[in-house]
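Per-entry structural report
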Amino acid sequence: MHEMAMAQGVMEIVEDYAHRSNAKKVCTISLLIGEMAGVVFESLEFCFSALAKGTIAEDAEIKLKKVPLVGHCNNCGWQGHIENYNFFCPECGSAKVDIISGRELRVEYLEVD
Ligand SMILES: [Zn+2]
């Protein structure tokens, strides 16, 4: 399951960080999730709380922030939100559109005690 693998990845980062900073507990975990990462938020939260049971992150609050899918056209310079996963430039129709954000899944910050 996609979300379970992601939750495991996040858990590893959290435990590593908590260990290095001698934390007694993890209070907040803030995650940035790209629109295109294909994550179901509820599912990720569910997987994470299952994994976090009995760990340093058991009572952590999870904040999920959605990062919009933004593209940049190399042909005309258009930059903006990509609607409906249409990767052609809405201005000039070019297919030379790069994804600038919206694919990431990363830990934005952690708060520990
Ligand atoms: Zn264009």
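What this report covers is the structure whose coordinates are included nearby. (Residues numbered from 1 in each chain as written. Predicted model: local features only at pLDDT ≥ 70, side-chain atom pairs only at ≥ 80, totals over all residues. Heavy atoms only, no water.)

Some thoughts on helix α2 (residues 41-52)
Over its twelve residues, α2 runs 16 Å from end to end, which matches the ideal 16 Å to within 8%, given 1.5 Å per residue. Those residues of α2 that sit buried are S43, L44, C47, F48 and A52. For α2, the buried positions fall inside an angular range of 160 degrees around the axis, keeping them on one side. Exposed residues lying more than 90 degrees from the buried face of α2 are E42 and F46. Contact partners of the buried residues in α2: α1 (2-20), β1 (26-34) and β2 (61-67). (Helix = DSSP H or I, 4+ residues; strand = E, 2+ residues; numbered from the N terminus. Expected span 1.5 Å × (residues − 1). Buried < 20%, exposed > 50% of the residue type's maximum accessible area, 1.4 Å probe, protein only. Arc of directions from axis to C-beta. Contact = heavy atoms within 4.5 Å.)

Examining the pattern of salt bridges
This model, assessed by the stated rule, comprises two salt bridges. Its salt-bridge partner being D16, residue R20 comes within 3.2 Å of it at the nearest N-O pair. Here R20 pairs with D16, and both are found in helix α1, just four residues apart, close to one helical turn. Measuring nitrogen to oxygen at the nearest pair gives 2.7 Å for the salt bridge that ties E108 to K65. On the criterion of sequence distance, the pair formed by E108 in strand β6 (residues 105-112) and K65 in strand β2 is long-range, its members being 43 residues apart. Under the relative-accessibility criterion, E108 is labelled partly exposed at 33%. Overall, K65 belongs to the partly exposed group, its relative accessible area being 35%. (Salt bridge = Lys/Arg side-chain N within 4 Å of Asp/Glu carboxyl O.)

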